[in-house]
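Listed below are the residues making up each chain.
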Amino acid sequence: MLLVAFILSMPVTGCYHKPDARPHAQNDTLTVEQMDSITFALTHHYSHNYNFVVSADSLMLTRQMPEEAVSDLPTDSFAINRDETLAVADIIIMPNDTIDSVWVQLAHADGMFGWIHESEMLEKVEPDDPISQFISFFSNEHLLIFLVTFVLILFAYGMRKLLKRNAYIVHFNDIATFYPTLLTLVVATSATLYSSIQMFAPDAWRDFYFHPSLNPFTLSGLLRIFLASVWAILIVGIAAVDDTFRHLPFAEAVLYLLGLAGICAVNYIVFSISTMYYIGYLLLVAYIAVALWRYLYHTRSKYICGNCGKQIKEKGRCPHCGAVNE
């Protein structure tokens, strides 16, 4: 469902631009401390002044310095509630800490400062960015299990009803336009790319999570191709909706688009999961071949009615105007 998250985020963030908070400078002008800060930002993907939002019910911060907490001295803590914004004020490395050597000082808008282990912090916060929050929401394991189960049950029930009614549906009883088929292929390819990034470039995906962008030209490698494919889903989807309403009456067009959405959702689930086991690549090649074969030999209109000018699949009586075409 992550692709849906990206598409839904585009209208609300299309004009949104957040400056890159990562430090950039020439090596010969930096001090040792500045170089350490840049190295930390490159490996942990955030640094000083980076903003987080609390995603857990609460986040406990320690008022005292990490040295006191590591030495088991008495400490005082306070809670930050859900949806509160925090900024990274300082970062300290404690090599003798057996739990987590990285301590982060967070600043609250009320002027309160507190320390916390990085590992504990990352479990309970998310970047203060709408795209990152979409990614975090749709990456929740419990939500994914529920959505996968719901989509598969709904798809099976809907397909059974549509096939019994002999309704129009992509790949089976399709309409004479390539856009729906193209949309299913782009979704399947995007899902395969998404899982490939998770497997082969997890650090690049983590960096994208902390510093997201809707502009594919600001990214590189698989991320650029993936984001371009997400934009392609939006563009091809609009074309598919428009062409469907030109080919079918309103009620039939709505049913067709619901079936198309169901097949796209199943494609995302099947290819994103199967790619994790390397089967997805073979499935994708087979799916593209079958989908193109179905369209070229069973769906594509080869003729045009000599009376009304509309496309028809075969010679004979035109289904639109009733004229006979020899």
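A few points on the structure. From a predicted model like this one, the values you see are computed outputs, not experimental measurements. (Residues numbered from 1 in each chain as written. Predicted model: local features only at pLDDT ≥ 70, side-chain atom pairs only at ≥ 80, totals over all residues. Heavy atoms only, no water.)

### Section: the overall build of the protein chain
For step 1, the next point in the chain: Check the secondary structure of the protein chain and you find 11 helices and 11 strands.
For step 2, the next point in the chain: Here the protein chain holds 326 residues, and 41% of them are scored as buried.
For step 3, the next point in the chain: Once local pairs closer than 6 in sequence are excluded, the contacts in the protein chain between residues at least 24 apart make up 60%. (Helix = DSSP H or I, 4+ residues; strand = E, 2+ residues; numbered from the N terminus. Buried < 20%, exposed > 50% of the residue type's maximum accessible area, 1.4 Å probe, protein only. Contact = heavy atoms within 4.5 Å.)

### Description of helix H2 (residues 32–44)
For step 1, the next point in the chain: Between the first and last C-alpha of H2 there are 18 Å, a value that for 13 residues agrees with the 18 Å anticipated at 1.5 Å per step.
For step 2, the next point in the chain: Within H2, the full set of buried residues consists of Ile 38, Phe 40 and Ala 41. With its buried residues spanning 160° around the axis, H2 presents them on a single face. Among the exposed residues of H2, those pointing more than 90 degrees away from its buried face are Val 32, Leu 42 and Thr 43.
For step 3, the next point in the chain: Where H2 is buried, its residues contact strand E4 (85–93), strand E5 (102–108) and helix H4 (118–124).
For step 4, the next point in the chain: A positive backbone phi angle near 70° is found at His 45, which sits one or two residues after H2. (Expected span 1.5 Å × (residues − 1). Arc of directions from axis to C-beta.)

### Examining the packing of helix H7 (residues 179–200) against helix H10 (residues 250–274)
For step 1, the next point in the chain: Where H7 contacts H10, the two axes come as close as 8 Å, and the packing angle between them is 25°. With respect to each other, H7 and H10 are oriented roughly parallel. Crossing geometry of H7 relative to H10 is assigned as right-handed. Between H7 and H10, the residues in contact are Pro 180, Leu 183, Thr 184, Val 187, Ala 188, Ala 191, Thr 192, Tyr 194 and Ser 195 and Tyr 256, Leu 260, Ile 263, Cys 264, Asn 267, Tyr 268, Phe 271, Ser 272 and Ile 273, respectively.
For step 2, the next point in the chain: Per-class residue counts for the contact of H7 with H10 are 13 nonpolar, five polar and no charged. (Axes fitted to C-alpha atoms, helices over the stretch in contact; angles between N-to-C directions. Parallel < 35°, antiparallel > 145°, perpendicular 65-115°, else oblique. Left-handed = near helix turned anticlockwise from the far one by under 90°. Nonpolar A, V, L, I, M, F, W, Y, C, P; charged D, E, K, R; others polar.)

### A word on a nonpolar patch on the surface
For step 1, the next point in the chain: Side chains of Val 270, Ile 273, Met 276, Tyr 277, Ile 279 and Leu 283 sit close together on the surface and give an oily, nonpolar patch of about 550 Å² of accessible area.
For step 2, the next point in the chain: Counting only elements with at least two residues in the nonpolar patch, the list comes to H10 and helix H11 (279–299).
For step 3, the next point in the chain: Checked against the element boundaries, Leu 283 lands in helix H11.
For step 4, the next point in the chain: Its relative accessible area of 35% is what places Leu 283 among the partly exposed residues. (Patch = residues over 30% accessible without salt bridge, like charges linked within 9 Å, V, L, I, M, F, W, Y side chains within 5 Å. Areas by Shrake-Rupley, 256 points an atom, 1.4 Å probe, with all protein chains shown as cover. Salt bridge = Lys/Arg side-chain N within 4 Å of Asp/Glu carboxyl O.)

As far as function goes, none of this settles anything; it's purely spatial.
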